[in-house]
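# Close look at the chain arrangement
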Amino acid sequence: MSANEPRGAARRREPIFKAPAVVVVLIIVLLAIHAALSSAPDAIQDRVIRDFAFIPGRLTIAIWPERLADLLGRVKSDPAALEQAQAIRELHVLSGGPKPWTLLTYAFLHGSWTHVLLNTIWLVAFGPPIARRFGSLRFLLFMAVTAIASALAQWASATMDFSPLIGASGADSGLMGAATRFMFQPGAPLSAFGSIDRPEIESIRPVSLRGVFLERRALIFLGVWLGTNFIFGAGAQALGLSDMPVAWVAHLGGFCAGLVLFPLFDARFRPPPDTRHGR
């Protein structure tokens, strides 16, 4: 850095995709858990899924036990009810109570290496700017809250579904929702990617929720995100992209939670330092 170069200019040249330590650690944890689980015996894998994946129907039965009685009463006449009853037995849904921790722990489990790697790619893409803006503790709390919101959205859409929900994609969607509140502002990374004169991520003034729907670039992002989520989520099986249903409602729930709850986690706005006269 030359003597005439403003102090802090070197920091402005720091790549936007350089991940803070909290993001790197979270990625390592996700990969390590999947590596350990995928190498474990089938019996252990099944036990982990039963105890730590989120099963919407288990929560429903815990809240409304009469729903179970109604289901069992339809077993002989309704094939769908019979299939649900079989899932209840296979997953031991009635043992161990509602297991409320699964509203969060499901996000640490993945069904395949492709699944976990895809989620870590999204975490690398959207995690760093959010972590730099929120700080490590608020970032982790935000990820937890959006993961829980994602699970609850899936539960609300299918209260008697006994398919285990796993994966960090709901929390990743929360990161995308949060990014929409500031990443399209003038001078922000997505509006001027690669510019060495961009302000620090912490200094970009967030836009209001109403303002998101008035910003053309943000609207384009929302449209693309909703379209791709629907095509590759709701239509994944029909298009032959996945053998299992994709919890696209959970993604939508996480995204909306990140978009709406962003101000609760955002650090107080810090204007960029005045670099005139070497200050």
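### Observations regarding the nonpolar core
- Of all hydrophobic cores here, the largest spans 46 residues; its most connected members are F54, L123, I130, F139 and L175.
- Breaking this core down by element, the ones donating at least two residues are α2 (21-38), α8 (113-134), α9 (136-157), α10 (169-179), α12 (216-234) and α13 (248-265).
- Setting aside its immediate chain neighbours within four residues, L175 contacts L123, F126, G127, I130, F139, F142 and M143.
- With eleven residues, the next largest nonpolar core counts I61, L68, L71 and L91 among its residues.

### Notes on the side chain of T60
- Summarising the element assignment, T60 is placed in helix α4 (residues 56-63).
- Within the local environment of T60, its side chain forms a polar contact with the backbone oxygen of T159, the two atoms lying 2.4 Å apart.
- Not counting the four nearest positions on each side in its chain, T60 is found in contact with R67, W155, T159 and M160.

### Considerations on the environment of V116
- In this fold, V116 is placed in helix α8.
- Judged by its relative accessible area of 0%, V116 falls in the buried class.
- Expressed as a C-alpha distance, the spacing of V116 and A168, which sit 52 residues apart in the sequence, is 7.9 Å.
- Setting aside residues up to four positions removed in sequence, V116 forms contacts with L30, L31, H34 and H110.

### Some points on the pattern of salt bridges
- Enumeration according to the criterion identifies six salt bridges in this entry.
- Across the salt bridge formed by D70 and R74, the nearest N and O atoms sit 3.3 Å from each other.
- Overall, D70 belongs to the partly exposed group, its relative accessible area being 42%.
- For R74, a relative accessible area of 30% translates into the label partly exposed.

Cut-off values and rules
- Residues numbered from 1 in each chain as written.
- Predicted model: local features only at pLDDT ≥ 70, side-chain atom pairs only at ≥ 80, totals over all residues.
- Heavy atoms only, no water.
- Core = buried A, V, L, I, M, F, W, Y, C linked by side-chain atoms within 4.5 Å.
- Buried < 20%, exposed > 50% of the residue type's maximum accessible area, 1.4 Å probe, protein only.
- Helix = DSSP H or I, 4+ residues; strand = E, 2+ residues; numbered from the N terminus.
- Contact = heavy atoms within 4.5 Å.
- Polar contact = N/O pair within 3.5 Å; in protein donor to acceptor, adjacent residues only side chain to side chain.
- Salt bridge = Lys/Arg side-chain N within 4 Å of Asp/Glu carboxyl O.

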